[in-house]
Amino acid sequence: MKIGVFDSGKGGTSVLAEIKKILPNEEYKYIGDSKNCPYGEKSDEELNQIVSNITDDLEDWGAKVIVIACNTATTRCIEYLREKYPEIKFVGTEPAIKLAAETGAKKILVMATPGTVQSERVAKLIHENVKPDQEIELLACPGLADAIEHDEKIDETLEQLLDGVDEEHDVVVLGCTHYSLIKDKIQKFFPKAKLIDGNRGVAKRVKSLAEQ
Ligand code: DGL
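Scoring rules and cut-offs
- Residue indices begin from 1 for each chain and proceed along its sequence in written order.
- Reporting in this predicted model follows two pLDDT cut-offs: at least 70 for local features of residues, and 80 or more for side-chain atom pairs to be given and counted; totals over whole chains, interfaces and linings ignore these cut-offs and use all residues.
- Here the side-chain values reflect all heavy atoms present in the structure, with hydrogen atoms and water set aside.
- Accessible area is worked out with a 1.4 Å probe on protein chains only. A residue is then buried under 20% of its type maximum, exposed over 50%, and partly exposed in between.
- Segments assigned H or I by DSSP are reported as helices when at least four residues long, segments assigned E as strands when at least two residues long, and all are numbered from the N terminus.
- Pairs of residues are marked as contacts when any of their non-hydrogen atoms sit within 4.5 Å.
- Strands pair, by our definition, only if DSSP identifies at least two bridges between them.
- By the criterion used throughout, a crossover qualifies as right-handed when its path from the first strand across the helix to the second strand runs clockwise, the strands pointing away from the viewer.
- Only a single heavy atom is needed: when it lies within 4 Å of a molecule or strand, its residue is near that molecule or strand.
- Pairs of N or O atoms within 3.5 Å make up the polar contacts considered here, provided that, within protein, one atom can donate a hydrogen while the other can accept it, and that residues adjacent in sequence are counted only when both atoms are side-chain atoms.
- Here a cavity denotes a set of grid points, spaced 1 Å apart and computed over the protein atoms alone, in which a 1.4 Å probe fits but from which it cannot get out, and a pocket denotes an open set meeting protein on both sides within 12 Å along at least five of seven lines; residues with an atom within 4 Å of a point are reported as lining.
- Throughout, a molecule is located in a cavity or pocket provided that more than half of its atoms lie within 2 Å of its grid points.
- Under the scheme applied here, ten amino acids are nonpolar (Ala, Val, Leu, Ile, Met, Phe, Trp, Tyr, Cys and Pro), four are charged (Asp, Glu, Lys and Arg), and all others, including Gly, are polar.
- Cysteine sulfur atoms that come within 2.5 Å of each other are treated as a disulfide pair.
- Lines fitted to the C-alpha atoms define the axes, with helices restricted to the stretch that makes contact. Angles between their N-to-C directions range from 0 to 180 degrees.

Enquirer: I'd like a description of helix α1 (residues 13-22), backed by residues and values.
Expert: Every buried residue of α1 is listed here: S14, V15, L16, E18 and I19. Buried residues along α1 sit against β1 (2-7), β2 (27-32), β3 (65-68), α9 (177-180) and α11 (199-211).

Written out as structure tokens, the structure is:
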């Protein structure tokens, strides 16, 4: 089966790697849309246009399933894409808030792009999954995906963003696929926390579609 995967750059390679672990024999095309990075600081109109252009390319290539390996594009555009391209199966990548809540953690931090943090989808995920005895903090990280994409000033950007953030979180959700690429650096700021992303869940969903 032909599976298209895209992100605003290299972040989605962390998702693709997880998919290939359990589905090694499918045909993949990855689009890393670096020229439009960061998605997390764009308007809905701009993003809808960008993701439509990518979907057109992947559809021309023959993709039957498209993985949006980007939390920002998923939380902001997946409904629009599903409506516009009903013949394609879209699998999204969302901040792993459900998974974090299910661990029973008392203090959860979600790191994500400004666009993801402000999305209605994230508000809904919190409303539906986080229990009253759980504390959840959303941290918008402007500039971080861009720094990772261009491999520039990653440490300085992280230090600035995490300055003053309590290190005593039980779980830190990596709500942007770029952040999974620097998991070790983020772990140093939260030595006792469990860091999680939604990549494995995405891979399982793609596998079940491939099997259908
Ligand atoms: N990798 C992306 C995400 O998961 C997008 C980062 C960006 O371009 O702002 O949100």
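Don't stop here, the text continues.
Enquirer: Could you give an account of the environment of A145, naming the residues involved and the relevant values?
Expert: For A145, the location among the structural elements is in helix α7 (residues 144-150). Residues A145 and V173, spaced 28 residues apart in sequence, show a C-alpha to C-alpha distance of 15 Å. Those residues in contact with A145 that lie beyond four places of it in its chain are C37, C176, H178 and Y179.

Enquirer: Summarise the pairing of β2; cite the residues concerned and give the values.
Expert: Taken together, the 6 bridges between β1 and β2 define a ladder with parallel strand orientation. In the strand pairing of β2, D7 is matched with G32. Traced from β1 through α1 to β2, the parallel crossover comes out right-handed.

Enquirer: Would you mind going over the site of the ligand in detail, with residue names and values included?
Expert: In the vicinity of the ligand, 14 residues are found, and the nearest of them are S8, Y39, T72, T177 and H178. Within the backbone of N71, a nitrogen or oxygen atom sits 2.8 Å from an oxygen atom of the ligand. T72 places a side-chain nitrogen or oxygen 2.6 Å from an oxygen atom of the ligand. Mapping the ligand onto the cavity grids shows that it belongs to the largest cavity. For the shell around the ligand, the secondary-structure elements that each account for two or more residues are α3 (71-84) and α9. Residues of the shell around the ligand, tallied by class, amount to 6 nonpolar, 7 polar and 1 charged.

Enquirer: Explain the state of the cysteines residue by residue, including any values.
Expert: On inspection of all chains with the given rule, the structure shows 0 disulfides. Distance from the sulfur of C37, which forms no disulfide, to the nearest cysteine sulfur (C176) is 8.1 Å. Cysteine C77 shares no disulfide, and the gap to the nearest cysteine sulfur, in C70, comes to 8.2 Å.

Enquirer: Can you lay out the sheet that holds strand β6 (residues 135-140) for me, pointing to particular residues and giving the numbers?
Expert: Pairing between the strands of a sheet comes from backbone hydrogen bonds, and it takes one of two forms, parallel or antiparallel. The 4 strands are arranged β6-β5-β7-β8 in an open sheet whose pairing can be described as parallel. Of all strands in the sheet, those bounded by a partner on one side alone are β6 and β8 (194-196). Direction aside, neighbouring strands of the sheet carry axes that sit 20° apart on average. The pairing of strand β5 (residues 107-112) with β6 spans 6 bridges and is parallel. Bridging across to β6, V110 finds its partner in L138.

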